[in-house]
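Here are the chains, one letter per residue:
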Amino acid sequence: MLKRFFQCIGLASMILVMNYGDLLGGGADVRMHVPQRLTAICMAQIADVLLVGLVLFGVLEALSRTRFYPWAKLVVAIVVPPYIIERMRDLFPFDMRDGVVPLLGAIWAAMVLLLLLRFRRRYANLLKLGDVAGVFLSMFAICSIAQMLYVGLWKPFPNEHHAVWETTAQPPREHARVVWILFDELSYNQVFEHRARDLELPNFDALKAQSMVFTNVQPIGYKTVKIVPSLLIGHVVDDYRYTFDNSFFVHYAGAHGWKPVDGSTTIFADAQEQQWRTAVVGWYNPYCTIYGDAIDDCYWNNLDKIDGPMAQKNSFWRNTYSPLANVVRELKAPARADRDACTYDVRQRLKTHLDLQEHAFKLLETDQADFVYLHLSNPHSPNIWSRIKGDYTQFCGSSYLDNLALADRVLGEIMTRLQASPRWKDTTVVVQGDHGWRVHLWDWMPAWTDEDDQASNDDFDPRPALIIHQAGQTQGQLVTQAWPLLGVHNVLEDVINGKPPKY
């Protein structure tokens, strides 16, 4: 009985692993990108594993006392392997076409039935093999629960600290200013080169008319977690580590060993040395944790869901219920379950966006920071704007083009505030993406729309958008030669040191 109980717990852990997979192995990736403790989420997932395991155990234990138990074992042997494959298909290092799992499931069922009807001894051996596999699954469950307990102990650093000049009335600031805006996943191809006919981006066009626009930017990576530190440090980062005590280490391309990173290694510290006030409002990356020692005024946030339909600010009970409800929906109506998960993602991203936008606008309105860095979450998927309604959406169904329209709207709000300031004539503005629109990262997900399909043309253009408005510039200029994105770091270094930027 005890053995069967632990085997059921093991099976439950495999059924639910897609909800908590990013918490395993120390959960470094999820810890790096959330500002709040994960204790409630970890405990909710442990509760889910135990609850599902108990239900399975109760059903099998009850059936074991009846003449239907051999048939129950047959059903388990037929159903469980293909179901686990279906649940875990997103973890496979290759694409699996729709219909492949049902086909494999049918072949597997036919094979099991053939063994039962014609080769009873081999069928018995198959059941013994399943019994051994159940033991290994129970070991996996115990290890998973131990790892989630460990991650639940993690304590994040505060995700904000504020300078006195940001929170109290101050005299007007007379100083040159840099406003560096990173729109995550802002594609040059979609914004300027092959813009959709019905997509209007008036604020990008207005900025282009008085700025330098780079048409052939050479990317420095595919993922934000490597690109952002590369831009801040001035060296291409090809790997990183985030420790349990919130320390950050990077590996430079072409170099040996790991380098510790904090604010002193970044352009924020260089700006401070020149008596510039530094300020950050950022998404996804723990700016205040890693670089906070060189940032006078700092705020970062990310309320996005993790692997399962769970969120940091949800209660323990909701984080327990939501993944279980999603499993039931997947069994009853897989397409609806995908759409519901996408809608959940949209609503969490909307909360993230509105929160970051509020803090960014407030920072700009104080007009006290000299070196301002804003990392915003759009036009990165999921898409939270509707061009048809001209408003935010709370449901899955918008496209990347909708999020580009939102990015343009946000840019317009930022530029209105900057141009209303007496410091505008001394303001350098950098607007950029970190990478292009990563079509093949999104085209298999529920959020992908027909409009995305048409706009992308199934082609990944790696060029991020890059626009640099030099202080006092009134005429637009195109830079058509190949230009490395890392050059943004050098341009900003020139500006804060009072030198003419080199392009």
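Heads up: these notes are all about the structure in this document. These figures come from a predicted structure and were not determined experimentally. (Residues numbered from 1 in each chain as written. Predicted model: local features only at pLDDT ≥ 70, side-chain atom pairs only at ≥ 80, totals over all residues. Heavy atoms only, no water.)

Our next topic: the packing of helix α4 (residues 69-88) against helix α5 (residues 100-118). Orientation of α4 relative to α5, taken along the N-to-C sense of each, is 160°, at an axis distance of 9 Å. In terms of orientation, α4 and α5 fall into the roughly antiparallel class. Crossing handedness for the pair α4 and α5: right-handed. Seen from α4, the contacting residues are L74, A77, I78, P81, P82, I85 and E86; seen from α5, they are V101, G105, W108, A109, V112, L113 and L116. (Axes fitted to C-alpha atoms, helices over the stretch in contact; angles between N-to-C directions. Helix = DSSP H or I, 4+ residues; strand = E, 2+ residues; numbered from the N terminus. Parallel < 35°, antiparallel > 145°, perpendicular 65-115°, else oblique. Left-handed = near helix turned anticlockwise from the far one by under 90°. Contact = heavy atoms within 4.5 Å.)

Within the largest apolar cluster, 55 residues are counted, with the highest numbers of intra-cluster contacts made by I181, F183, F204, L374, I414 and V431. No other element matches the eleven residues that helix α15 (residues 400-419) contributes to this core. Counting 47 residues, the second-largest nonpolar core is a separate cluster that includes L232, A271, C298 and W483. (Core = buried A, V, L, I, M, F, W, Y, C linked by side-chain atoms within 4.5 Å. Buried < 20%, exposed > 50% of the residue type's maximum accessible area, 1.4 Å probe, protein only.)

Considered as a void within the structure, the second largest pocket measures approximately 1,200 Å³ in volume. Looking at the second largest pocket, it is lined by 39 residues, and the ones nearest its centre are L11, L60, V76, A77 and V80. Contributing elements (two or more residues each) for the lining of the second largest pocket: α1 (2-20), α3 (39-63), α4, α6 (120-152) and α13 (316-332). The greatest single-element share of the lining of the second largest pocket, amounting to 13 residues, is contributed by α4. Taken together, the residues of the lining of the second largest pocket break down into 32 nonpolar, three polar and four charged. (1 Å grid on protein atoms, 1.4 Å probe; cavity = no way out; pocket = protein on both sides within 12 Å on 5 of 7 lines; lining within 4 Å. Points joined across faces, edges and corners; volume = space filled by probe spheres on them. Nonpolar A, V, L, I, M, F, W, Y, C, P; charged D, E, K, R; others polar.)

With antiparallel pairing, the three strands of this open sheet are ordered in space as β5-β6-β7. Strand pairing shows two members of the sheet lacking a second neighbour, β5 (237-242) and β7 (259-261), which therefore form its edges. Sheet twist, expressed as the average angle between the axes of neighbouring strands with direction ignored, equals 35°. As defined by bridge partners, strand β6 (residues 248-252) adjoins β7 across three bridges and the pair is classed as antiparallel. Directly across from F249, in β7, lies its bridge partner P260. (Pairing = 2+ DSSP bridges.)

Now for α3. If you check α3, its first and last C-alpha atoms are 36 Å apart, about what 25 residues at 1.5 Å a residue would give, namely 36 Å. Three or more residues of α3 are buried, namely I41, C42, A44, Q45, I46, A47, D48, V49, V52, G53, F57 and E61. If you follow the buried residues of α3, they end up packed against α1, α6 and α13. (Expected span 1.5 Å × (residues − 1).)

Turning our eyes to something else, we now look at the state of the cysteines. The tally for this structure, following the rule as stated, stands at two disulfides. The residue that forms a disulfide with C288 is C298, at a sulfur-sulfur distance of 2.1 Å. The disulfide joining C288 to C298 has a torsion of about -95° about its S-S bond and is therefore left-handed. With C288 in helix α12 (residues 287-290) and C298 in strand β9 (residues 297-301), this pair connects stretches of sequence that are ten residues apart. The burial state of C288 is the same as that of C298; both residues are buried. Note that C342 is cross-linked by a disulfide to C396, the S-S spacing being 1.8 Å. Since a negative S-S torsion denotes a left-handed disulfide, the C342-C396 link at about 65° is right-handed. Of this pair, C342 sits in helix α14 (residues 334-366) while C396 sits in the loop between β12 (391-392) and α15, placing them 54 residues apart in sequence. Each member of the pair, C342 together with C396, is buried. In the chain, the bonded cysteines, taken in the order they occur along the sequence, pair up as 1-2, 3-4. Note on C8: no disulfide assigned, nearest cysteine sulfur contributed by C143 at a separation of 18 Å. Accessibility expressed as a relative area gives 4% for C8, which makes it buried. (Disulfide = S-S within 2.5 Å.)

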